[in-house]
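Breakdown of the fold
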Amino acid sequence: MIAPSPGLRVMVALDPVDFRKGAAGLAALVQTALGEDAFSRTIYVFRARRADRLKLVFWDGTGLCLFAKTLDAAVAAFHRRPLQNRYQALMLDGVVLARKTGAGALRRPVLVALGLRPDGKKEIIDFRLAASESAAEWEKFLTDLYRRGLTGEGLDMICVDGGCGLLAALPSVFQGIPVQRCWAHKIRNVLNKVRKAD
């Protein structure tokens, strides 16, 4: 974490940069394009051409620190890691998140797989930003989980939100496992149909 301290400055490069550059390449860019000292108490912020990623470079006194690349690698490793059949129940849900853009808010679903372990603790198995909650998107997500080792062996049940795409995709990947509708979703849907006067 970068804690703000007296004398700390933040400089943002307005033009996009080649995101293949590492810490040394961005430090050279700081000196040539911005005319600044990369080894000062300043955080330099760079954006990708599509404006969907940022990289922060700063000197911490011992070396140059580059943030976005490390985080991207850790997230990519999380999505590729092998999975094990160590869950009693699998909870699947699509969570819609809004992201502000120059053209307004963009709403996209994140497909989430949550596992309930035998000790009663929940664990995020994986998540994926999707174009929609269609059967095709859910099938891609579930097939990837299956391919990485989550075959459904030992699962007592799969809990779902009741979305049509998810319900259509489940039998093609996890066959023969009982499916239960999530009570929170079911109650919310019923209450939407009940009048407040009732």
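Residue numbering note: each chain is counted from 1, following its sequence as written. Note on the predicted model: pLDDT of at least 70 is required for a residue's local features to be given, and 80 or more for side-chain atom pairs to be given and counted; whole-chain, interface and lining totals, by contrast, use all residues. Each side-chain value is derived from all of the structure's non-hydrogen atoms; neither hydrogens nor water enter the calculation.

1. So, the packing of aromatic side chains
Spelled out, the test is: Ring pairs are drawn from Phe, Tyr and Trp, using the six-membered ring of Trp, whenever the two centres fall within 6.5 Å, and their geometry is named by plane angle: stacked under 30 degrees, edge-to-face over 60, tilted for the rest. What counts as a helix is a DSSP run of H or I of at least four residues, what counts as a strand is a run of E of at least two, and both are numbered from the N terminus. Whether a residue is buried, partly exposed or exposed follows from its accessible area with a 1.4 Å probe, protein chains only, as a fraction of its type maximum: under 20%, in between, or over 50%, in that order.
Applying the stated criterion across every chain, the model contains four aromatic pairs. Here the aromatic rings of Phe39 and Trp59 are separated by 5.1 Å at their centres, their planes lie at 85 degrees, and the arrangement is edge-to-face. With a gap of 20 residues between them, Phe39 in the loop between α1 (23-33) and β2 (42-47) and Trp59 in strand β3 (residues 54-59) connect regions that are remote in the sequence. Classification of Phe39 by relative accessible area gives partly exposed; the value is 40%. On the accessibility criterion, Trp59 (30% relative accessible area) is partly exposed.

2. Let's talk about helix α3 (residues 135-147)
This is how it is decided: Here a helix's expected span is defined as the number of its residues, less one, multiplied by 1.5 Å. Think of it as the arc spanned by the lines of direction from the helix axis to the C-beta atoms.
Look at α3: 18 Å from first C-alpha to last across 13 residues, which is about the 18 Å you get at 1.5 Å a residue. Taken together, the buried positions of α3 are occupied by Glu137, Trp138, Phe141, Leu142, Asp144 and Leu145. Along the axis of α3, the buried residues cluster in a sector spanning 155 degrees; they form a single face.

3. Topic: the confidence of the model for the protein chain
Counted only if it meets this: pLDDT is defined as a per-residue confidence score from the predictor, taking values between 0 and 100.
Per-residue confidence for the protein chain averages 85 on the pLDDT scale, and 90% of its residues sit at or above 70. Averaged pLDDT values over the elements of the protein chain bottom out at 70 in helix α5 (residues 183-193) and peak at 97 in α3.

4. What about the nonpolar core?
Definition in use: Only buried residues count toward a nonpolar core. Its members are Ala, Val, Leu, Ile, Met, Phe, Trp, Tyr and Cys residues joined through side-chain atoms within 4.5 Å. Contacts: residue pairs with any heavy atoms within 4.5 Å of one another.
Judged by nonpolar contacts, the single largest core of 22 residues is most densely connected at Leu90, Leu92, Leu142 and Ile158. Put simply, the parts of the chain that give this core at least two residues each are β5 (89-101), β6 (104-116), α3, β8 (157-160) and α4 (164-173). In this view, Leu142 contacts Leu92, Leu166, Ala169, Leu170, Val173 and Phe174; residues no more than four positions away in its chain are not counted. Listed in part, the 13 residues of the second largest apolar core include Ala13, Ala23, Val30 and Leu66.

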